[in-house]
Amino acid sequence: MSQFVPEIQGNLRRHMVKVPEVINQVSGIRIFGKTIKSLVFTTDVALIKNCNANAVIAVYPFTPQPVITHALITVSDVPVFCGVGGGTTTGKRVVNLAMDAEFQGAIGVVLNAPTPNGTIQKLRERIDIPIVVTVVSVLEDFSARIDAGTTIFNVSGASKSPEIVKHIRKKFPHVPIIATGGPTEDSIYETIEAGANAITYTPPTSAEIFKKLMEKYRDEL
């Protein structure tokens, strides 16, 4: 039987980005005592400050920079998983970025799909926080990734995400999986049913939200 959950809101904080309710059906991943079911995929500090997700996954298409990591962790009220490269950014720089992220308080680091297993091994020797490795295909050698030191798989396969999640879950029943849920509640639910433990949600941009707000203001006038 589901329990009633009291909710308290303020007038100023009522206008915020909420993750789809269906995400609450996942098991979650407990990291250092914190249970994480939803992750918002953004580096927009205003969205991070005004979203009800359990955590932030901060990956962006540029070389990771400590100043960006510091800013995101400083502004966030929830745990932050920080991207530290692995694709364009490689080698010792990835290790240094990961160590800096841990020192600043990141709950985990995220590596891009092309990251060599050797880099994962070096990270495992130097940091104590989870190593999240992004996967985009069922052709990935998941056993080798786990042996190298991967803590969590981050499935980012667009429409094929449920298929990839199901493939991993069949071979590794207990490995933690974060996955992109897609644009609808149905696609999110499909990903959950496939075996994901946590869901990444891509929110509307600040520009899109502001556009709707401005339309509302114009209508009121």
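Residues numbered from 1 in each chain as written. Predicted model: local features only at pLDDT ≥ 70, side-chain atom pairs only at ≥ 80, totals over all residues. Heavy atoms only, no water.

Our focus in this paragraph is the layout of surface pockets. Taken as a whole, the largest pocket holds about 320 Å³ of empty space. Taken together, 13 residues make up the lining of the largest pocket; nearest its centre are H15, V17, L47, I209 and F210. If you list the elements that add at least two residues to the lining of the largest pocket, you get helix 1 (45–49) and helix 8 (206–220). Residue contributions to the lining of the largest pocket peak at six residues, all from helix 8. Broken down by class, the residue content of the lining of the largest pocket amounts to eight nonpolar, three polar and two charged. (1 Å grid on protein atoms, 1.4 Å probe; cavity = no way out; pocket = protein on both sides within 12 Å on 5 of 7 lines; lining within 4 Å. Points joined across faces, edges and corners; volume = space filled by probe spheres on them. Helix = DSSP H or I, 4+ residues; strand = E, 2+ residues; numbered from the N terminus. Nonpolar A, V, L, I, M, F, W, Y, C, P; charged D, E, K, R; others polar.)

Let us look at the nonpolar core. Residues V109, L111, L123, I127, I131, V155 and I168 are the most contacted members of the largest nonpolar core, which totals 50 residues. Looking at which element gives the most residues to this core, the answer is helix 3 (residues 92–104), with six residues. One finds I36, I57, F81 and A198 within the second-largest nonpolar core, a separate group that totals 13 residues. (Core = buried A, V, L, I, M, F, W, Y, C linked by side-chain atoms within 4.5 Å. Buried < 20%, exposed > 50% of the residue type's maximum accessible area, 1.4 Å probe, protein only.)

What follows covers the packing of helix 3 against helix 4 (residues 117–126). Contact geometry for helix 3 and helix 4: axes closest at 10 Å, N-to-C directions at 35°. In terms of crossing hand, the pair formed by helix 3 and helix 4 is right-handed. Where helix 3 abuts helix 4, its residues V94, V95, A98, M99 and E102 lie against T119, K122, L123 and R126. A breakdown of the residues in the contact of helix 3 with helix 4 according to their chemical character gives five nonpolar, one polar and three charged. (Axes fitted to C-alpha atoms, helices over the stretch in contact; angles between N-to-C directions. Left-handed = near helix turned anticlockwise from the far one by under 90°. Contact = heavy atoms within 4.5 Å.)

A full pass over the atoms with the stated rule returns one aromatic pair. For the ring pair F142 and F153, a centre distance of 5.3 Å and an interplane angle of 85° mean the geometry is edge-to-face. With F142 in helix 5 (residues 142–148) and F153 in strand 8 (residues 152–155), this pair connects stretches of sequence that are 11 residues apart. (Phe/Tyr/Trp six-rings, centres within 6.5 Å; stacked < 30°, edge-to-face > 60°.)

Attention now moves to a negative patch on the surface. A cluster of like negative charges, contributed by E21, E185, D186 and E190, occupies part of the molecular surface. Locating D186 in the fold gives a position in helix 7 (residues 185–194). Accessibility expressed as a relative area gives 65% for D186, which makes it exposed. (Patch = residues over 30% accessible without salt bridge, like charges linked within 9 Å, V, L, I, M, F, W, Y side chains within 5 Å. Areas by Shrake-Rupley, 256 points an atom, 1.4 Å probe, with all protein chains shown as cover. Salt bridge = Lys/Arg side-chain N within 4 Å of Asp/Glu carboxyl O. Lys, Arg positive; Asp, Glu negative; His and termini not counted. Charge placed at Lys NZ, Arg CZ, Asp CG, Glu CD.)

Here the focus is the pairing of strand 7 (residues 131–135). Burial analysis of strand 7 places five of its five residues in the buried class, the great majority of the element. Side-chain alternation along strand 7 places I131, V133 and V135 on one buried face and V132 and T134 on a second face that is also buried. Sheet topology places strand 6 (residues 108–111) next to strand 7; three bridges connect them, and they run parallel. Bridged to V109 within strand 7 is I131. In this region the chain leaves strand 6, passes through helix 4 and returns to the parallel neighbour strand 7; the handedness of that crossover is right-handed. Sheet topology places strand 7 next to strand 8; four bridges connect them, and they run parallel. Along strand 8, the bridge assignment pairs V135 with V155. For the crossover that starts at strand 7, traverses helix 5 and ends in the parallel strand 8, the hand is right-handed. (Pairing = 2+ DSSP bridges. Right-handed = clockwise from strand over helix to strand, strands pointing away.)

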